[in-house]
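Given next are the chains, with one letter for each unit.
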Amino acid sequence: MLKKGLTFVLTASLGLSLLAGCSSGDKAQSDFIGDQVNYEIIGIDPGAGLMEATEKVLEEYELTEWKLIEGSDTAMTASLEKAYKDKKPIIITGWTPHWKFAKYDLKYLEDPKGIYGPDEKIHTIVRNGLKEDDPGAYQLLDNFEWTPADMEKVMVDVYEGKKPEEAAEKWVNDNADKVDGWIKDIPQGEGKKLKLAYVAWDSEIASTHVVKYVLEEKLGYKVEALQVEVAPMWVGVAKGDVDGMVAAWLPTTHQRHYETHEGNFEDLGPNLVGTKLGLVVPSYVDINSIEDLKKKE
């Protein structure tokens, strides 16, 4: 009995000592999302409008301890995949449409101050003079429009291993009626050359390769798809070095570039409606608003 009693006392004492070492302040700290993610938000390309909007979010919400980590879409999604696999918290800059929403259970953090603005649209932008130089290509680019669900089908196929060209071909074949509407009454291009610029975002890879496939396989053009950064993409169209792009996120993400080059391009309007920007977390992360990133005193 004495032995058992002594064992109990020692065990109890050790347990109390351990509990004593875990103060309520430590528990509160470990429960706060900032401490869990080292006050880091995983971003994308430096200079992207989403990054600029997020910097404004940090300022307007007075999140002075937080850091926005520059990188790329690829680096951001790799970080998300690793954290999600281990069920660890992570905060990323996100946008819809994107394949990650089809693969993972994610949620946007509420933005009570509306810093990210209203939902965006993706516009088709062409160089000045394209309508006169090549009315057929101009008409196809003007006719091109699809939905976030359409785009995500191509994006998921690419993510799962198909080449962008293969995913584009599959989508075009599966959506013949929609494509026929785009190309109706447009004459054959007969080998004319076109240049399209795009950024290495999954969404823009999808849309550009679908348009490229239709121009080449349905209308007989020869299309060069040029992958560049955001700023050179806009400069290329504005200077007439490329014929167009289907990758302009407006009015927020590419606002600065739009305003800088306005007058030196033609805006054909939205090719996709229903996009969204913001901060994104896995659904298992127990926060719901950007305001939850500010530590309570």
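Residues numbered from 1 in each chain as written. Predicted model: local features only at pLDDT ≥ 70, side-chain atom pairs only at ≥ 80, totals over all residues. Heavy atoms only, no water.

Draft legend 1. Here's a closer look at the overall build of the chain. Counting its secondary structure elements, the chain contains 14 helices and 10 strands. For the chain, the proportion of its 297 residues judged to be buried stands at 47%. (Helix = DSSP H or I, 4+ residues; strand = E, 2+ residues; numbered from the N terminus. Buried < 20%, exposed > 50% of the residue type's maximum accessible area, 1.4 Å probe, protein only.)

Draft legend 2. Looking closely at a negative patch on the surface. A contiguous patch of negative charge on the surface is contributed by Glu165, Glu166, Glu169 and Glu217. Take the negative patch: its biggest share by element is three residues, from helix 10 (residues 164–174). Among the structural elements, Glu165 can be located in helix 10. (Patch = residues over 30% accessible without salt bridge, like charges linked within 9 Å, V, L, I, M, F, W, Y side chains within 5 Å. Areas by Shrake-Rupley, 256 points an atom, 1.4 Å probe, with all protein chains shown as cover. Salt bridge = Lys/Arg side-chain N within 4 Å of Asp/Glu carboxyl O. Lys, Arg positive; Asp, Glu negative; His and termini not counted. Charge placed at Lys NZ, Arg CZ, Asp CG, Glu CD.)

Draft legend 3. Quick peek at the packing of aromatic side chains. If you walk through the whole model with that rule in mind, you get 16 aromatic pairs. Between Trp99 and Tyr159, the ring centres sit 3.8 Å apart and the planes meet at 20 degrees, which makes this aromatic pair stacked. Note that Trp99 is positioned in the loop between strand 3 (92–96) and helix 6 (100–103) and Tyr159 in helix 9 (residues 148–159), a separation of 60 residues in sequence. Trp99 gets classed as buried once you look at its relative accessible area, which sits at 5%. The exposure class of Tyr159 is partly exposed, given its relative accessible area of 30%. (Phe/Tyr/Trp six-rings, centres within 6.5 Å; stacked < 30°, edge-to-face > 60°.)

Draft legend 4. Expanded view of the environment of Asn38. Looking at the secondary structure, you find Asn38 in the loop between helix 3 (33–36) and strand 1 (40–42). Looking at Asn38, the relative accessible area reads 47%, which means it is partly exposed.

Draft legend 5. Region of interest: the packing of helix 11 (residues 176–183) against helix 12 (residues 202–218). Two elements in contact, helix 11 and helix 12, have axes whose closest approach is 12 Å; the angle formed by their N-to-C orientations is 70 degrees. The pairing of helix 11 with helix 12 is recorded here as roughly perpendicular in orientation. For the pair formed by helix 11 and helix 12, the contact residues are Val179, Trp182 and Ile183 on the first element and Val210, Val214 and Lys218 on the second. Of the residues in the contact of helix 11 with helix 12, the class split is five nonpolar, no polar and one charged. (Axes fitted to C-alpha atoms, helices over the stretch in contact; angles between N-to-C directions. Parallel < 35°, antiparallel > 145°, perpendicular 65-115°, else oblique. Contact = heavy atoms within 4.5 Å. Nonpolar A, V, L, I, M, F, W, Y, C, P; charged D, E, K, R; others polar.)

Draft legend 6. Expanded view of the pattern of salt bridges. All chains considered together, the criterion is met by 11 salt bridges. Here Asp35 and Lys295 are joined by a salt bridge, their closest N and O atoms 3.5 Å apart. Of this pair, Asp35 sits in helix 3 while Lys295 sits in the segment after strand 10 (276–282), placing them 260 residues apart in sequence. Note that Glu62 is salt-bridged to Lys294, the shortest N-O span being 3.9 Å.

Draft legend 7. Representation of the side chain of Asp243. For Asp243, the location among the structural elements is in the loop between helix 13 (230–239) and strand 8 (244–250). For Asp243, a relative accessible area of 11% gives the class buried. Reaching out from Asp243, the side chain makes a polar contact with the side chain of Arg127 at a distance of 2.8 Å. Of note is the side chain of Asp243, whose polar atom sits 2.8 Å from the backbone nitrogen of Lys195. For Asp243, the residues in contact, after removing those within four places along its chain, are Val126, Arg127, Leu130, Lys193, Leu194 and Lys195. (Polar contact = N/O pair within 3.5 Å; in protein donor to acceptor, adjacent residues only side chain to side chain.)

Draft legend 8. Quick look at unusual backbone geometry. Here Thr96 and Pro97 are connected by a cis peptide whose omega angle stands at 5 degrees. Inspection of the secondary structure puts Pro97 in the loop between strand 3 and helix 6. With omega at 15 degrees, the peptide bond leading from Leu250 into Pro251 counts as cis. If you trace the backbone, Pro251 turns up in the loop between strand 8 and helix 14 (255–261).

Draft legend 9. Quick look at the pairing of strand 3. Burial runs high along strand 3: five of the five residues are buried. Covered by surrounding structure in strand 3 are Ile92, Gly94 and Thr96 together with Thr93 and Trp95, the residues of both alternating faces.

Draft legend 10. Seen up close, the side chain of His261. Along the chain, the position of His261 falls in helix 14. The exposure class of His261 is buried, given its relative accessible area of 14%. The contacts of His261, once residues within four sequence positions are left out, are Trp234, Val235 and Ala238.

Draft legend 11. Helix 5 (residues 73–85), seen in detail. Its 13 residues place the ends of helix 5 18 Å apart at the C-alpha level, agreeing with the 18 Å of an ideal helix rising 1.5 Å per residue. Those residues of helix 5 not exposed but buried are Asp73, Met76, Thr77, Leu80, Ala83 and Tyr84. For helix 5, the angular spread of the buried residues around the axis is 125 degrees, confining them to a single face. Facing away from the buried side of helix 5 by over 90 degrees, the exposed positions are Thr74, Lys82 and Lys85. In the core, the buried residues of helix 5 are packed alongside strand 1, strand 3, helix 6, strand 4 (106–108), helix 12 and strand 10. (Expected span 1.5 Å × (residues − 1). Arc of directions from axis to C-beta.)

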